[in-house]
Amino acid sequence: MALKAQVLYNFTAEPGNNELSVREGETLTILNRTVGGGWIEAQNSRGQTGLVPEDYLQIDGGGDGDFWSRAGGYVSNTTEGPDSCGYSQQEAVEDDDGEWDDDWDDQSVSSYHGNNQVDEDTGASGRSTYGPSVKISRNKFPFSKGPNPEVFLLAKPPSNSRDRLPVYMAEVGPVWLYPTSPLDCVIADPKKESKLYGLKSFIEYQVTPNTTNRPVNHRYKHFDWLYERLMAKFGSALPIPSLPDKQVTGRFEEDFIRMRMEQLQAWMSRMCRHPVVSQSEVFQLFLAYKDEKEWKAGKRTAEKDEMVGPIIFSLIEPEAAELDAAQVEHRCEHYSRFTKSMDEGVRELLNVGHTHWKRCTGPLPKEYERIGRAFRNLSTVFNSSKYPGEETLTDALTAAGKTYEEIAHIIKQQPQNDLHFLLETNSEYKGLLGCFPEIIAVHKAAVEKVKEAERLVSAGKISNSDRKCMNHRISCMSYSLQAEMNHFHSNRIYDYTRVMQLYLERQVIFYQQIADKLRAALSQFTTL
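Residues numbered from 1 in each chain as written. Predicted model: local features only at pLDDT ≥ 70, side-chain atom pairs only at ≥ 80, totals over all residues. Heavy atoms only, no water.

Moving on: empty space enclosed by the protein. To find leftover empty space, a probe the size of one water molecule is rolled over the atoms. Per the stated rule, a full pass over the model turns up five cavities of 30 Å³ or more. Looking at the second largest cavity, its volume works out to about 100 Å³. Counted by class, the lining of the second largest cavity contains five nonpolar, three polar and three charged residues. (1 Å grid on protein atoms, 1.4 Å probe; cavity = no way out; pocket = protein on both sides within 12 Å on 5 of 7 lines; lining within 4 Å. Points joined across faces, edges and corners; volume = space filled by probe spheres on them. Nonpolar A, V, L, I, M, F, W, Y, C, P; charged D, E, K, R; others polar.)

Now the structure itself:
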């Protein structure tokens, strides 16, 4: 008897991808469960066949029906123990824009799922393969309950790290050590590639760093992996802005690919400009791996990195003396107020900008088009009088009408020429500013713990040397916060100076074009 499956969620097929559109509540017949990549071939009641994401289905029989919950990929966590965390293999290897892969790294599945392995022959994902729960690397989701500064303040950090993050004193205060040669990269040449014998397709980008000038190829899911690793390692200390959102439909359209590439370029450029992120091993691996073997080995090493979360502060090496606790708290409050105020200002500018964009591409050009048509209609009326010598006036009126219609077209195109860059920059900073509350919260929590040090010493829970160690470590955290804020401020000044120059320069050109056209229209009337 053929297996049946209940559809849990709506799914719209991507044209040319051999997929099947389904609706929630629909019943399907399973034709092939060994396709792989998290897909199942199924047939609907109308006889149409195609691929459907496995975790969109609840299969009747075969022991899979109770394995996937309606949450869409979470596993029933019925086994007690420290390694049971309730994430499914689907979630752990989620591909770009709604695709799933088990060939993401064929030799490193265990880095996501402990010792559990995918059944290469059947591709099955039920209890018989994985058991009632799936293991996952602890440092893949280190912030599930929020970073805990006690890990750094009281615990002994790993001793096997060779990395150090020096902080130097400059005129503006603590600053990171910047590389002598700035890092940069270019993302270009997006190509549509395929797998599973052409059943699944994806976009691959060429990333070329200025250090090697040798391109490496990456898909969106590789960027997503890099983001996760940077968040795991630096998220307690540095703002790591989110990647552009995933998209299920239309991901192969030319405009979307261009927009996605621009956004990835902006994200990578910002990461390249950060003196800590850009010099990290995982970022260097992403940009400059030599072959697939080095990429996979480096990826597994990064996933096993112990220097994650608040432990990253143990790498901070300030060249100056320890900071006063009151000064630390004051600066922390100052940065908190500033980032909150700037976030409000950025959001206001984005709202105003989006409103203006809609006006420039909607009602405003239509108003100019109506003015132009009104002039041309009046010209037609005047011309019907057949009065001698009137042709010069009617021709001038017609030209004025065309001028206003041309101005309407210019206005409609203008936001893409100038407002686009202003809004993109503000969107980037909105993402950056959204990271600071978490970073400042970690710092504030650490400050509160240090305030309790005296009571803990009196209660015999920590020694006096432990208290001194905590004071030293909170000082390192404060140096890190100040170095990051100084980096943020210097980039903010540079970015907003550059984007405002570009915006106003193009605004001048925009209004100059309109003025030139109006001046040309005026000249036809001055000769009358």
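Having seen the structure, we can now continue with the description.
A few words on the packing of helix α5 (residues 220–234) against helix α7 (residues 281–288). Two elements in contact, α5 and α7, have axes whose closest approach is 10 Å; the angle formed by their N-to-C orientations is 165°. Classified by the interaxial angle, the pair formed by α5 and α7 is roughly antiparallel. Seen along the crossing, α5 lies across α7 with a hand that is left-handed. Contacts between α5 and α7 involve His222, Phe223, Trp225, Leu226, Arg229 and Leu230 on the former and, on the latter, Val282, Phe283, Leu285 and Phe286. (Axes fitted to C-alpha atoms, helices over the stretch in contact; angles between N-to-C directions. Helix = DSSP H or I, 4+ residues; strand = E, 2+ residues; numbered from the N terminus. Parallel < 35°, antiparallel > 145°, perpendicular 65-115°, else oblique. Left-handed = near helix turned anticlockwise from the far one by under 90°. Contact = heavy atoms within 4.5 Å.)

Okay, the pattern of salt bridges next. Per the counting criterion, the structure on display carries 17 salt bridges. Of the charged contacts in the structure, one is a salt bridge between arginine 376 and glutamate 405, with a shortest N-O distance of 2.9 Å. Taken together, the residues arginine 376 in helix α10 (residues 363–383) and glutamate 405 in helix α11 (residues 391–417) connect sequence positions 29 residues apart. Close ionic contact of lysine 451 with glutamate 448 constitutes a salt bridge, the shortest N to O distance being 3.6 Å. Residue lysine 451 and its partner glutamate 448 are both found in helix α13 (residues 436–451); the two are separated by three residues, about one turn of the helix. Exposure remark for lysine 451: the relative accessible area of 46% places this residue in the partly exposed category. Bridged by salt links that share partners, the residues Arg270, Arg273, Glu428 and Asp495 form one connected network. (Salt bridge = Lys/Arg side-chain N within 4 Å of Asp/Glu carboxyl O. Buried < 20%, exposed > 50% of the residue type's maximum accessible area, 1.4 Å probe, protein only.)

Time to look at the sheet that holds strand β11 (residues 316–318). An order of β7-β6-β11 is seen for the three strands of this open sheet, with the pairing classed as mixed. Where the open sheet ends on each side, the last strands, each with one partner, are β7 (173–176) and β11. Going across the sheet, the axis of each strand differs from the next one's by a mean of 35°, ignoring polarity. Bridging between strand β6 (residues 165–170) and β11 involves three bridges; their strand directions are parallel. Residue pairing across strands places proline 166 opposite glutamate 317, the latter belonging to β11. The sheet contacts of helix α15 (residues 464–526) involve β6, β7 and β11, and relative to β7 the element is tilted by about 80°. (Pairing = 2+ DSSP bridges.)

A separate point is the state of the cysteines. Under the defined criterion, the tally for this structure stands at zero disulfides. Cysteine 469 provides the cysteine sulfur closest to cysteine 476, a residue in no disulfide bond, and the two sulfurs are 9.1 Å apart. On the basis of relative accessible area, cysteine 476 is assigned to the buried category, the value being 4%. (Disulfide = S-S within 2.5 Å.)

This brings us to the layout of surface pockets. In this model, the largest pocket occupies a volume close to 800 Å³. Forming the walls of the largest pocket are 34 residues, and the residues nearest its centre are Ser242, Leu243, Pro244, Ser427 and Glu428. Elements represented by at least two residues in the lining of the largest pocket include exactly α5, α6 (254–273), α9 (325–361) and α12 (419–433). Here the lining of the largest pocket is built from residues that sort into 15 nonpolar, 10 polar and nine charged. Put simply, the second largest pocket is a space of about 670 Å³.

Okay, the packing of α9 against α11 next. Running from N to C, α9 and α11 cross one another at 150°; their axes reach a closest spacing of 7 Å. The angle between the axes of α9 and α11 places the two elements in the roughly antiparallel class. From α9, Trp357, Cys360 and Thr361 reach across to α11, where they touch Ile411, Lys412, Pro415 and Gln416. A breakdown of the residues in the contact of α9 with α11 according to their chemical character gives four nonpolar, two polar and one charged.

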